[in-house]
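Spelled out from the first residue to the last, the chains are:
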2 protein chains.
Amino acid sequence: MNISMSDLYVSRTDRDAAIIARQDPVVYEEGAFADALAPEQLEAYRKDGVLLLPNLFSEDEIATLNNELERLCTDPSIASREEAIREPDSDEIRSVFAVHKLSRKLEQLARDPRLIHVARQILGSEVYIHQSRANMKPGFDGKEFYWHSDFETWHVEDGMPAMRALSCSVLLTDNVASNGPLMVIPGSHYQFIACQGETPDKHYEKSLKKQEFGVPDKLSLEFLADQGGIRQMTGKAGSVVFFDCNLMHGSASNLTPWPRSNVFMVYNSIENTLHSPKYDLEPRPEYIATREEFKVLKPLDETALAY
Amino acid sequence: MNISMSDLYVSRTDRDAAIIARQDPVVYEEGAFADALAPEQLEAYRKDGVLLLPNLFSEDEIATLNNELERLCTDPSIASREEAIREPDSDEIRSVFAVHKLSRKLEQLARDPRLIHVARQILGSEVYIHQSRANMKPGFDGKEFYWHSDFETWHVEDGMPAMRALSCSVLLTDNVASNGPLMVIPGSHYQFIACQGETPDKHYEKSLKKQEFGVPDKLSLEFLADQGGIRQMTGKAGSVVFFDCNLMHGSASNLTPWPRSNVFMVYNSIENTLHSPKYDLEPRPEYIATREEFKVLKPLDETALAY
C-alpha cells in the first residue's frame, strides 16, 4: 500500500487506530461571508463543532417538505433507483440520496439563504453540494447509525482533502430524546480518529446500510465522550442542526411510534473539491459524492422562496 | 385450542390483536401494608404505573452491588450456567437470571426494606420473588428491548393469574437519555394488549434474546403512546424505578461508551401465585419463573444491611 506522507489524515491502513490532532481551521476566513450567524453562535460552533438553530423553518414549509419526501418515497420510478437505500431487515426506505437533484423543491432548500449563508460564513468561501440525503428513521424499527466522522469516509473514499465541509440537518419531524435523534460528541471535531482496516472496493453498497470499515475504535470513542460528553440534538420540526464534517456522531434505534426524518445537505467549500480516493479505491457513485462538476451554489433570492 | 372463557386476558391466539381494559386494581388493599410511600407517590404510581425514587441507595451500596455483579459475570461457574444470557451477536453477557439465588448480597437486596416495603404496600399483601435479573446493557453495542408488557408473558407462559405483581429496577449506573434507559408509556397499564400468534414450545430460549411472540401490534402501541406519551426513566445510579407488571415498556440500543446496568426484582403477591401456563405450554425454567416453592419473603432487619 502506497501511503503518501503528505496525507495529514491517514486512516484505514494496517496500522493501529490513532488520534490525530486537527490541522485545519473550524471557521474559515472570518469576515468574508459574515452575515448569518452572530459572533457567539460562531464561537459555539467553533468550540463544539455543532450548532442548533431552533425553528428556522415554519410549520407550512416543513409540511411542504414532508409531502415532497413522501412523494419521492412512493414514486415507483424513484423508489426503484439506487439513490433509495432500504433498511437492512425490511423493504422500508431508510435514506434517499441526491434529493437536491431528484426534486426541485429540495434543490431550492439547498439554496435557501437560511442554510447556505451559514455554510458560506463558516467555510469562508463559495460552496457546492457534496452530498444530499433524506434520512427516514421510521417508527418502531428505525435502525441505529454507529458513531462515525463523515470526514473520515469522505477523505478516504471520496478524496476530500481538508476539513472544510459541514452538514446541516433540517428536522422534518420533532426529534425528541427517545426517537433516535442525532447524538454528537461536542469538541470531537478537533481530533481525527484514524480507523483500522483496509477498505474493500464497492464498500459503499454495504456501508450505507451497515458500516463495517471506517469504524472508530472503542478506546478513542471513550476518550472523546469522557472529554466532551454526549449531546442529543433534540428540537422541534423546522429546527436545523449545523455540524462540522469531522464531528463524531451517531444515533440510536427508534422504538417509538414517531418517525424521525431529517434532510441533510452537505456543503463543501469550492476551494476543497475532491481529489482521487485513497488507496486506488474506485470513486463512489455521483449520487453519493459529487465529482463530475463542482458547481458553485448560489443563494436563492429571498423573494423566490416557493415552499 | 382450548380457550377458557374465564380468562380475562386472552392473548396469543389466532384472533386479531385487541385492547382489553384492565380488570384488576393497580394499588391493592390500601392500608394493610402502608408505610413506605406517601399518598401522592402512591397516587402517581396508580395513575402512571411507574414511580422513580431517586437516590434510594448510597454510592457505597451501589459500588458493592456492581462489584458483586462483576464477580458473577466473570465467575466461570456462573457465566457458563443457563442463567447467563448472552447478546445475540456476541458473547457478552446481557442478563443474569435468578441473581437473588446466585448471590447472598442480591438475596439481601431483594429483602431490603426500601424495596420490599414498597412492593408489599402496592400489592397489599405478603410477596415473593417471581423473577430476578441483572441486565447489563454494555456500552457501544447494547441491544434494544422492544416494547412489551411483562404481564402478557407471565400470564401466558407462566400462568400468572392477575395483575398483582410489580418490578423494581435498581439503577447500578447512571441511566441517561442517551444510553438506552427504560422507556415506559405512562398509563398503559390500564390496557391489556392481546398479541397475535401462538407460542411455540421452549420459546423462552429465543425470546430472552429477541422477542418474536407476545409482541404488541403497532396500532395499539401508537394508541397508547399518543394517549400517554413516552417517558425515559433516567436517574442517577442508586435510584429505583418501580413499575406495574402490565406497563408497556422497552429500551433503545446503547451506543454510548457508558454501560447501563440495572438489577430487576419482580415481586408477586403471595395471593397471586402461578397456575399452569396457557395452551398446555411447558413451564419455563425455575430460574425464569419461580414455581417450585412460593416462599414469602421477609423484610431484612434494618440493622442487618450488610452492603
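Residues numbered from 1 in each chain as written. Chains lettered and ligands numbered in written order. Predicted model: local features only at pLDDT ≥ 70, side-chain atom pairs only at ≥ 80, totals over all residues. Heavy atoms only, no water.

Participant: For this particular structure, what's the right way to read the state of the cysteines?
Facilitator: What we call a disulfide is simply a covalent bond connecting the sulfur atoms of a pair of cysteines. Residues and elements named next belong to chain A. Counted by the stated rule, this structure contains 0 disulfides over all chains. Note on C195: no disulfide assigned, nearest cysteine sulfur contributed by C245 at a separation of 14 Å. Residue classification places C195 among the buried residues on the basis of a relative accessible area of 4%. C245 gets classed as buried once you look at its relative accessible area, which sits at 0%. (Disulfide = S-S within 2.5 Å. Buried < 20%, exposed > 50% of the residue type's maximum accessible area, 1.4 Å probe, protein only.)

Participant: Please explain the interface of chain A and chain B as it appears in this structure.
Facilitator: Put simply, an interface is often sized by how much accessible area is lost when its parts join up. Contacts between the two partners involve 24 residues from chain A, matched on the other side by 24 residues from chain B. Roughly 2000 Å² is buried in total at the junction of chain A and chain B, and carbon and sulfur atoms are behind 68% of that figure. Per-residue buried area on chain A facing chain B is highest for F140(A), L255(A) and W258(A); these three make up 32% of the total on that side. If you look at where chain A meets chain B, you find 2 salt bridges. (Contact = heavy atoms within 4.5 Å. Buried area = accessible area lost by both parts, 1.4 Å probe. Salt bridge = Lys/Arg side-chain N within 4 Å of Asp/Glu carboxyl O.)

Participant: What's the story with the sheet that holds strand β8 (residues 183-184) of chain A in this structure? I'm lost.
Facilitator: Sheets are built from strands paired through backbone hydrogen bonds, the pairs being either parallel or antiparallel. Residue and element names in this part refer to chain A. The strand order across the open sheet built from 4 strands is β6-β12-β8-β10, with neighbouring strands paired in antiparallel fashion. Edge strands, defined here as strands with exactly one partner in the open sheet, are β6 (145-148) and β10 (231-232). In the sheet, β8 pairs with β10 via 2 bridges, with the strands oriented antiparallel. Following the sheet pairing, V184 is matched in β10 by R231. (Pairing = 2+ DSSP bridges. Helix = DSSP H or I, 4+ residues; strand = E, 2+ residues; numbered from the N terminus.)

Participant: What's the story with the pattern of salt bridges in this structure? I'm lost.
Facilitator: Charged atoms that come close allow side chains of opposite charge to pair. Scanning the model with the defined rule gives 40 salt bridges over all chains in all. A salt bridge links R284(B) to D158(B); the nearest nitrogen and oxygen atoms lie 2.8 Å apart. Highlighted residues: R284(B) in the segment after β13 (260-269) and D158(B) in helix α7 (residues 150-158), separated in sequence by 126 residues. Overall, the relative accessible area of 7% leaves R284(B) in the buried class. One network of salt bridges, in which partners are shared, links R12(A), E152(A), E157(A), D158(A) and R284(A).

Participant: Which parts of the structure should I look at to understand the side chain of K137(A)?
Facilitator: Residues and elements named next belong to chain A. Locating K137 in the fold gives a position in strand β5 (residues 127-137). Despite its burial, K137 remains without a salt bridge, the nearest opposite charge being carried by E144 at 8.0 Å. Polar contacts involving the side chain of K137 include one to the main-chain carbonyl oxygen of A252, which spans 2.5 Å. Non-local contacts of K137, meaning those with residues more than four positions away in its chain, are made with G142, K143, E144, F145, N179, G180, S251, A252, N254, P259 and R260. (Lys, Arg positive; Asp, Glu negative; His and termini not counted. Polar contact = N/O pair within 3.5 Å; in protein donor to acceptor, adjacent residues only side chain to side chain.)

Participant: Before we go on, may I ask you to explain the sheet that holds strand β11 (residues 240-244) of chain B in this structure?
Facilitator: Residues and elements named next belong to chain B. The strand order β2-β11-β7-β13-β5-β4-β3 describes an open sheet built from 7 strands, whose pairing is antiparallel. Looking along the sheet, the strands with just one partner apiece sit at the ends: β2 (50-53) and β3 (84-86). The mean inter-strand angle of the sheet, taken between neighbouring strand axes irrespective of direction, is 20°. Direction of pairing for β3 relative to strand β4 (residues 93-97): antiparallel, over a ladder of 3 bridges. By the bridge assignment, I85 is partnered in β4 with S95. (Axes fitted to C-alpha atoms, helices over the stretch in contact; angles between N-to-C directions.)

Participant: In this structure, what is going on with unusual backbone geometry? I would like to understand it.
Facilitator: Glycine aside, residues mostly have negative phi angles, and peptide bonds mostly take the trans form. Residue and element names in this part refer to chain B. The residue A98 is not glycine, and still its phi comes out positive at about 55°. With respect to the secondary-structure elements, A98 resides in the loop between β4 and α4 (99-102). For D280, which is not a glycine, the phi torsion comes out positive at approximately 55°. Mapped onto the elements of the fold, D280 is located in the segment after β13. With relative accessibility at 76%, the residue D280 sits in the exposed group.

Participant: Sorry, what's going on with the packing of aromatic side chains here?
Facilitator: Aromatic ring pairs: the centre-centre distance and the angle between the two ring planes describe each pair. Within this structure, the stated rule accounts for 12 aromatic pairs over all chains. On the basis of an interplanar angle of 75° and a centroid distance of 6.1 Å, the ring pair of F151(A) and F192(A) is categorised as edge-to-face. Taken together, the positions of F151(A) in helix α7 (residues 150-158) and F192(A) in strand β9 (residues 191-194) put the pair 41 residues apart, joining distant regions of the chain. Pair check on accessibility: F151(A) and F192(A) agree, each one buried. Here the aromatic rings of Y9(B) and F192(B) are separated by 5.1 Å at their centres, their planes lie at 50°, and the arrangement is tilted. Here F192(B) lies in strand β9 (residues 191-194) and Y9(B) lies in the segment before β1 (18-21), a separation of 183 residues in the sequence. (Phe/Tyr/Trp six-rings, centres within 6.5 Å; stacked < 30°, edge-to-face > 60°.)

Participant: What should I look at first to understand helix α9 (residues 218-228) of chain A in this one?
Facilitator: Note that an α-helix has 3.6 residues per turn; residues three or four places apart therefore point the same way. Residues and elements named next belong to chain A. Among all positions in α9, only S220, L221, L224 and A225 are buried. In an axial view of α9, the angular spread of the buried residues amounts to 125°, which keeps them on one side of the axis. Exposed and facing more than 90 degrees away from the buried side of α9 are L219, D226 and Q227. In this structure, the buried residues of α9 make contact with β1 (18-21), β6 and β9. G229 sits one or two residues past α9 and shows a positive phi near 75°. (Arc of directions from axis to C-beta.)

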